[in-house]
Amino acid sequence: MSEQHYEIVIVGGGAAGISTAARLAKELPSGSIAIIEPSTEHYYQPIWTLVGGGVVPKEVSQRDTATLIPESCEWIRDAATGFDPENNKITTKDSGDIHYEYLIVAAGLQINWTDIKGLSRNLGKKGICSNYSYKSLDSTWENIRNLGKGTAIFTQPGSPIKCGGAPQKIMYLAEDYFKRS
């Protein structure tokens with residue numbers, strides 16, 4: 001593996017990482033920005049509340065990551081496994097060390113469904129849904145649409161979450177649907 005060096009390295013190819021790269025790429029020479037992102041699928045997660053509320057299909061949130069990386073940026077399809085800020089270096093799973101002048105970390109969050117007993121095996125079933133997973137989005141709208149009577153319970157975690165407003169937004173969308181139907 002040859003040593004790689006970039007003026008800017010962005011860890012994370014989600015909406016934050018890609019939009020930051022696109023903005024910086026307007027000012028910098030081609031090849032001076034690298035994005036480290038292992039996933040070939042990109043999900044525009046801010047729209048997931050609208051998917052859960054039945055406004056748009058979930059497929060509109062999914063794109064091929066390669067089509068979103070700015071042309072003048074390098075896509076390192078790999079995962080960052082270590083940070084060494086004293087040496088301006090990122091270690092990756094398969095691509096070796098990557099050196100930088102400036103580092104932007106926009107890796108997003110990892111949801112640990114297994115931390116709540118029973119959640120991972122029941123998510124998307126038995127009326128249990130979440131707008132924080134592409135796989136369970138369909139069940140959110142299904143639950144809203146099929147609630148004929150009874151009580152819908154929406155939770156607002158006290159811990160840090162991806163989008164603090166999402167639990168409220170889906171509740172408001174559900175309430176609007178319930179009133180109209």
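Everything quoted here is computed from the prediction, not taken from an experiment.

Structural notes on a positive patch on the surface
Right, on to step 1. On the surface, Lys117, Arg121, Lys125 and Lys126 cluster together into a patch of positive charge.
Right, on to step 2. With respect to the helices and strands, the residue Lys125 is situated in the loop between helix 3 (119–122) and helix 4 (137–146).
Right, on to step 3. On the basis of relative accessible area, Lys125 is assigned to the partly exposed category, the value being 45%.

Remarks on the state of the cysteines
Right, on to step 1. All told, the structure shown has zero disulfides when counted by the stated rule.
Right, on to step 2. Cys163 supplies the cysteine sulfur nearest to Cys129, a cysteine that is in no disulfide, at a spacing of 16 Å.
Right, on to step 3. A residue is classified by how much of its surface remains accessible, and Cys129, at 32% relative accessible area, is partly exposed.

A few points about the packing of helix 4 against helix 5 (residues 166–180)
Right, on to step 1. Two elements in contact, helix 4 and helix 5, have axes separated by 9 Å at closest approach and are oriented at 35°. By crossing handedness, the relation of helix 4 to helix 5 is classed as right-handed. Of the residues in helix 5, those in contact with Thr140, Trp141, Ile144 and Arg145 of helix 4 are Ile170, Ala174, Tyr177 and Phe178.
Right, on to step 2. For the contact of helix 4 with helix 5, the class distribution of residues is six nonpolar, one polar and one charged.

How each quantity is defined
- Residues numbered from 1 in each chain as written.
- Predicted model: local features only at pLDDT ≥ 70, side-chain atom pairs only at ≥ 80, totals over all residues.
- Heavy atoms only, no water.
- Patch = residues over 30% accessible without salt bridge, like charges linked within 9 Å, V, L, I, M, F, W, Y side chains within 5 Å.
- Areas by Shrake-Rupley, 256 points an atom, 1.4 Å probe, with all protein chains shown as cover.
- Salt bridge = Lys/Arg side-chain N within 4 Å of Asp/Glu carboxyl O.
- Lys, Arg positive; Asp, Glu negative; His and termini not counted.
- Charge placed at Lys NZ, Arg CZ, Asp CG, Glu CD.
- Helix = DSSP H or I, 4+ residues; strand = E, 2+ residues; numbered from the N terminus.
- Buried < 20%, exposed > 50% of the residue type's maximum accessible area, 1.4 Å probe, protein only.
- Disulfide = S-S within 2.5 Å.
- Axes fitted to C-alpha atoms, helices over the stretch in contact; angles between N-to-C directions.
- Left-handed = near helix turned anticlockwise from the far one by under 90°.
- Contact = heavy atoms within 4.5 Å.
- Nonpolar A, V, L, I, M, F, W, Y, C, P; charged D, E, K, R; others polar.

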